[in-house]
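# Structural overview for review
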Amino acid sequence: MTRLRAKRHIPERMERCADLWFALPATNKGKWREVCGFPADCKLFLEIGCGKGKFCTETAIANPDALYIALERESSVILAAIEKAKELEIKNLFFVNADAKNLMDYFEENEVDRIYLNFSDPWTRKKKPKRRLTYRDFLKVYETIMKPGGEVRFKTDNTLLFEFSVNEFTECGFTLSEVTRDLHNSEWNEENVRTEFEQKFADEGIPIKRLVATSNKK
Ligand SMILES: C[S@@+](CC[C@H](N)C(=O)[O-])C[C@H]1O[C@@H](n2cnc3c(N)ncnc32)[C@H](O)[C@@H]1O
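First things first, this report covers the structure right here in the doc.

## Some words on the overall build of the protein
- A count of helices and strands for the protein gives nine helices and seven strands.
- Computed over C-alpha atoms, the radius of gyration of the protein comes to 17 Å, within 12% of the 17 Å expected from 2.2 N^0.38 for 218 residues, which places it in the range of a compact globule.
- If one aligns the C-alpha atoms of the protein with their principal axes, the spans along those axes are about 45 × 45 × 35 Å.
- For the protein, the proportion of contacts with a sequence separation of at least 24, taken over those separated by at least 6, is 77%.
- Accessible area for the protein stands at about 11,400 Å²; split by element, carbon and sulfur atoms hold 49% of it.
- If you average the places of the 37 positive and of the 36 negative side-chain charges in the protein, the two averages end up 6 Å apart.

## Focus on the layout of surface pockets
- Considering only enclosed or pocket space, the largest pocket measures out at about 800 Å³ in volume.
- As for the largest pocket, its lining consists of 31 residues, and the residues nearest its centre are G49, E72, F119, S120 and D121.
- Broken down by secondary-structure element, the contributors of at least two residues to the lining of the largest pocket are β1 (44-48), β2 (67-72) and α9 (196-203).
- In terms of residue count, α9 provides more of the lining of the largest pocket than any other element does, three residues in total.
- Broken down by class, the residue content of the lining of the largest pocket amounts to 14 nonpolar, six polar and eleven charged.

## As for the state of the cysteines
- This structure, assessed with the given rule, holds zero disulfides.
- This cysteine, C17, is not joined by any disulfide, and C50 carries the nearest cysteine sulfur, 13 Å off.
- The thiol of C36 is not disulfide-bonded; the next cysteine sulfur, from C42, is found 8.7 Å away.

## Structural notes on the site of the ligand
- The ligand sits among 18 residues. The nearest are G49, E72, A100, N118 and T195.
- Measuring from an oxygen atom of the ligand, one finds a side-chain N or O atom of E72 at 2.5 Å.
- At a separation of 3.3 Å, a nitrogen atom of the ligand approaches a polar backbone atom of R73.
- Given that more than half its atoms are within 2 Å of the pocket grid, the ligand belongs to the largest pocket.

## Concerning the pattern of salt bridges
- With the rule as written, the count across this model stands at 14 salt bridges.
- With a shortest N-O distance of 2.9 Å, E83 and R13 are connected by a salt bridge. With E83 in helix α5 (residues 75-87) and R13 in helix α2 (residues 10-16), this pair connects stretches of sequence that are 70 residues apart.
- Judged by relative accessible area, which is 24%, E83 ranks as partly exposed.
- The class for R13 is partly exposed, based on a relative accessible area of 22%.
- Residue K147 pairs with D113 through a salt bridge whose shortest N-O separation is 3.5 Å. Of this pair, K147 sits in strand β5 (residues 146-156) while D113 sits in strand β4 (residues 112-118), placing them 34 residues apart in sequence.
- Where salt bridges share partners, they join R33, K43, D113 and K147 into one cluster.

## Brief notes about the nonpolar core
- Membership of the largest hydrophobic core comes to 39 residues, with the highest contact counts inside it found for L46, I48, I69, F107, I115, Y142 and V152.
- Among the elements that line this core, the one with the most residues is helix α8 (residues 159-171), at five residues.
- Sequence-distant contacts of F107, defined by excluding residues within four places in its chain, comprise K29, W32, L44, L46, I69, V112 and I145.
- Counting residues in hydrophobic clusters, the runner-up holds 22 residues, among them L20, C50, L79 and F95.

Cut-offs used in this document
- Residues numbered from 1 in each chain as written.
- Predicted model: local features only at pLDDT ≥ 70, side-chain atom pairs only at ≥ 80, totals over all residues.
- Heavy atoms only, no water.
- Helix = DSSP H or I, 4+ residues; strand = E, 2+ residues; numbered from the N terminus.
- Rg over C-alpha atoms; globule rule 2.2 N^0.38 Å.
- Contact = heavy atoms within 4.5 Å.
- Areas by Shrake-Rupley, 256 points an atom, 1.4 Å probe, with all protein chains shown as cover.
- Lys, Arg positive; Asp, Glu negative; His and termini not counted.
- Charge placed at Lys NZ, Arg CZ, Asp CG, Glu CD.
- 1 Å grid on protein atoms, 1.4 Å probe; cavity = no way out; pocket = protein on both sides within 12 Å on 5 of 7 lines; lining within 4 Å.
- Points joined across faces, edges and corners; volume = space filled by probe spheres on them.
- Nonpolar A, V, L, I, M, F, W, Y, C, P; charged D, E, K, R; others polar.
- Disulfide = S-S within 2.5 Å.
- Near = heavy atom within 4 Å.
- Polar contact = N/O pair within 3.5 Å; in protein donor to acceptor, adjacent residues only side chain to side chain.
- Sits in = over half its atoms within 2 Å of the grid points.
- Salt bridge = Lys/Arg side-chain N within 4 Å of Asp/Glu carboxyl O.
- Buried < 20%, exposed > 50% of the residue type's maximum accessible area, 1.4 Å probe, protein only.
- Core = buried A, V, L, I, M, F, W, Y, C linked by side-chain atoms within 4.5 Å.

So this is what it looks like as structure tokens:
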């Protein structure tokens with residue numbers, strides 16, 4: 001009942017946070033920094049599938065000079081992230097309620113410095129690899145919208161998705177680094193910011209897999 005009521009009020013609650021999200025993200029294509037009031041040379045980091053926003057809010061607070069855009073297709077989920085950012089008065093984080101399949105409509109070539117993919121849906125049961133956010137067609141889009149030397153930082157609990165992704169990134173010409181199949185017991189744990197799903201999987205004792213994939217485009 002509470003959940004239903006909460007869902008029914010999504011438009012009003014989104015309206016209350018209208019300064020933090022973009023209803024027409026395509027109009028910002030090529031000018032995200034300018035529209036968000038950031039210098040032309042600031043870093044632009046994009047999280048795809050931000051969920052309820054633990055990672056993007058904590059990361060944006062820790063890096064106030066960078067501009068963060070968090071994309072999520074589920075409106076009831078992104079609302080929780082937006083309200084979190086509003087409550088914390090974060091000034092360098094903005095949201096887009098949309099599907100990653102339309103990324104090319106929203107970002108210009110060479111506009112993004114880094115992409116975060118945290119615990120993307122694995123699409124294992126239905127055997128639909130083309131829907132995975134690390135499927136090669138998505139990687140080509142990421143490479144296009146990222147600057148030369150841009151990087152995708154990817155974390156997952158799912159072994160099948162991780163090994164699939166290692167292969168896709170490699171096949172698409174990215175250079176892999178910081179590859180670990182047990183992030184929380186690795187040298188990168190200290191600087192790691194846990195997401196909601198990551199905390200849940202860690203509590204269940206599931207090792208977290210992580211990699212950084214750097215674009216080699218010129
Ligand atoms: C398993 S959840 C992980 C949420 C969060 N990143 C975390 O680690 O806690 C995956 C999220 O990605 C979103 N998502 C999946 N595919 C997407 C797509 N194509 N475009 C935008 N969001 C997507 C889902 O709606 C969901 O909220």
